[in-house]
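# Coordinates in review
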Amino acid sequence: MPRPCFKLEKDHPLPLAGVDEAGCAPLAGPVVAAAVVLDRDRFPRGIDDSKKLPEPVREALYEKLMLQARCGVGIVSVEEIDALNIYWARMLAMARAVEALGFDPAFVLVDGNRCPRWERPSRPIVAGDAKCRSIAAASIVAKVTRDRIMAAYAREHPGYGWEHNRGYPTPDHRRALRELGVTPLHRRTFGLVREVLAEQAQPSFAFAAE
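As a starting point, this report considers the structure included with it. (Residues numbered from 1 in each chain as written. Predicted model: local features only at pLDDT ≥ 70, side-chain atom pairs only at ≥ 80, totals over all residues. Heavy atoms only, no water.)

### Here we look at the overall build of the protein chain
Keep this limit in mind: Segments assigned H or I by DSSP are reported as helices when at least four residues long, segments assigned E as strands when at least two residues long, and all are numbered from the N terminus. Buried residues are those whose accessible area, probed at 1.4 Å on protein chains only, stays under 20% of the maximum for their type, while exposed residues exceed 50% and partly exposed ones sit between those limits. Throughout, a residue-residue contact means that at least one pair of heavy atoms, one from each residue, lies within 4.5 Å. For every accessible area listed, the method is Shrake-Rupley and the probe measures 1.4 Å; residues are considered covered only by the protein chains on display. Neither His nor the chain termini are counted; the positive set is Lys and Arg, and the negative set is Asp and Glu. In this description, the location of a charge corresponds to atom NZ of lysine, CZ of arginine, CG of aspartate or CD of glutamate.
Of the regular secondary structure elements, the protein chain holds seven helices and five strands. Secondary structure elements of the protein chain, listed N to C terminal, follow the sequence β-β-α-β-α-α-β-β-α-α-α-α. Here the C-alpha coordinates of the protein chain stretch approximately 80 × 35 × 30 Å along the principal axes. Within the protein chain, buried positions represent 48% of all 210 residues. Counting contacts in the protein chain only where the partners sit at least 6 residues apart, residues at least 24 apart contribute 64% of the total. Carbon and sulfur atoms provide 54% of the accessible area of the protein chain, an area that totals close to 10700 Å². Side chains of the protein chain carry 30 positive and 27 negative charges; the gap between the two charge centres is 6 Å.

Listed below in structure tokens is the structure:
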């Protein structure tokens, strides 16, 4: 299967930023987006959709991208996710990522079927992380950044397995949520978290033996 390339990017002006996000589906933790501007004459080889790369390869590419590309990261907190909903939180994260570049790219390619509500020249590309090298690079930066955040949170809230499930609703995370309860880092508007909160709010009655 071919790797992402510059083919879909060549018709757009430079500097061009690719944008992608990580963390829409998890029950806990922030949404993280990245914007990456690659130097087409000097970029890490092996860039691909972050989901297709083993963790050690992702980590190595992340380190190279930090040295060889311009990168911006946008983070939207759990509180903001609950206030906005996950769709608008994703859009906000992507907008923040482009702003974090520190300059205005001439064009932005966004993974997905819609761009944030901004005035920037831009275009959405469905499955862009599998097609466009700049978006794939952004997927790596967003994924590694969020994974590191969740690993740090796992040390603060042990037992939920965030160091390996990254907050996604895996069986071990779902079990821990019911056994250990809801943390401040859980998204309270998400179905399972809302369900556990409702269960915890139910009064328990102790009946004395007659």
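Don't stop here, the text continues.
### Some details on the packing of helix H6 (residues 171-180) against helix H7 (residues 191-201)
Stated precisely, the cut-off is as follows: To get an axis, a line is fitted to the C-alpha atoms, and for a helix only the part in contact is used. The angle between two axes follows their N-to-C directions and goes from 0 to 180 degrees. Put simply, angles under 35 degrees are roughly parallel, angles over 145 are roughly antiparallel, angles from 65 to 115 are roughly perpendicular, and the rest are oblique. Each crossing gets its hand from how the near helix is turned against the far one by less than a right angle, where anticlockwise is left-handed and clockwise is right-handed.
Interaxial distance between H6 and H7 falls to 10 Å at its minimum, and their mutual angle equals 20°. Between H6 and H7, the interaxial angle falls into the category roughly parallel. In this structure, H6 crosses over H7, and the sense of that crossing is right-handed. Two secondary-structure elements touch here, H6 through Arg174, Leu177 and Arg178 and H7 through Leu192, Val193, Glu195, Val196 and Glu199.

### A short note on helix H1 (residues 55-68)
Stated precisely, the cut-off is as follows: What a helix is expected to span follows from its residue count: subtract one and scale by 1.5 Å. Arc definition: it is the arc formed by the directions from the helix axis to the C-beta atoms.
Between the first and last C-alpha of H1 there are 20 Å, a value that for 14 residues agrees with the 20 Å anticipated at 1.5 Å per step. Listed as buried for H1 are Arg58, Leu61, Tyr62 and Leu65. Each buried residue of H1 lies within a common arc of 110° when the element is viewed along its axis, so the set occupies one face. Among the exposed residues of H1, those pointing more than 90 degrees away from its buried face are Pro56 and Leu67.

### Side note on empty space enclosed by the protein
Heads up, the condition is: Cavities and pockets were defined on a 1 Å grid built from protein atoms only: a cavity is a group of points that admits a 1.4 Å probe but offers it no way out, a pocket is an open group of points flanked by protein on both sides within 12 Å along at least five of seven lines, and a lining residue is one with an atom within 4 Å of any such point. Grid points are joined across faces, edges and corners, and a volume is the space filled by probe spheres set on the points.
Summed over the entire model, instances satisfying the criterion amount to one cavity of 30 Å³ or more. Taken as a whole, the largest cavity holds about 30 Å³ of empty space. What lines the largest cavity is simply Ala22, Gly23, Lys143, Arg146, Asp147, Arg166 and Tyr168. With three residues, the single largest contributor to the lining of the largest cavity is helix H4 (residues 133-156).

### Considerations on the sheet that holds strand S3 (residues 70-76)
Convention followed: Paired strands, in this sense, are two strands between which DSSP finds at least two bridges.
Spatially, the five strands line up as an open sheet ordered S3-S2-S1-S4-S5, and their pairing is mixed. A single partner strand is all that each edge strand has here, and the edge strands are S3 and strand S5 (122-125). With strand direction ignored, the average angle separating the axes of adjacent strands in the sheet is 20°. Inspection of the sheet shows strand S1 (residues 16-22) paired to strand S2 (residues 31-37) by five bridges, in the antiparallel sense. Among the inter-strand pairings, Asp20 is bridged to a residue of S2, identified as Ala34. Packed onto the sheet, helix H3 (residues 86-99) meets S1, S2, S3 and strand S4 (107-111) and runs at close to 150° relative to S3. Packed on one face of the sheet, H4 meets S1, S2, S3, S4 and S5 and runs near 40° to S1.

### Digging into the pattern of salt bridges
This is how the line gets drawn: Within this document, salt bridges are pairs made up of a side-chain nitrogen of Lys or Arg and a carboxyl oxygen of Asp or Glu, the two lying within 4 Å of each other.
For the structure shown, the criterion picks out 15 salt bridges. Between Glu21 and Arg90 there is a salt bridge, with its nearest N and O atoms 3.2 Å apart. Of the two residues, Glu21 sits in strand S1 while Arg90 sits in helix H3, which places them 69 residues apart along the sequence. Take Glu21 and Arg90: they sit in the same class, and that class is buried. Here Lys51 makes a salt bridge to Asp129, at a shortest N to O gap of 2.9 Å. Remark: Asp129 occurs in the loop between S5 and H4 and Lys51 occurs in the loop between S2 and H1; sequence separation between them is 78 residues. In this structure, a network of salt bridges that share partners links the residues Glu55, Arg58, Lys143, Asp147 and Arg166.

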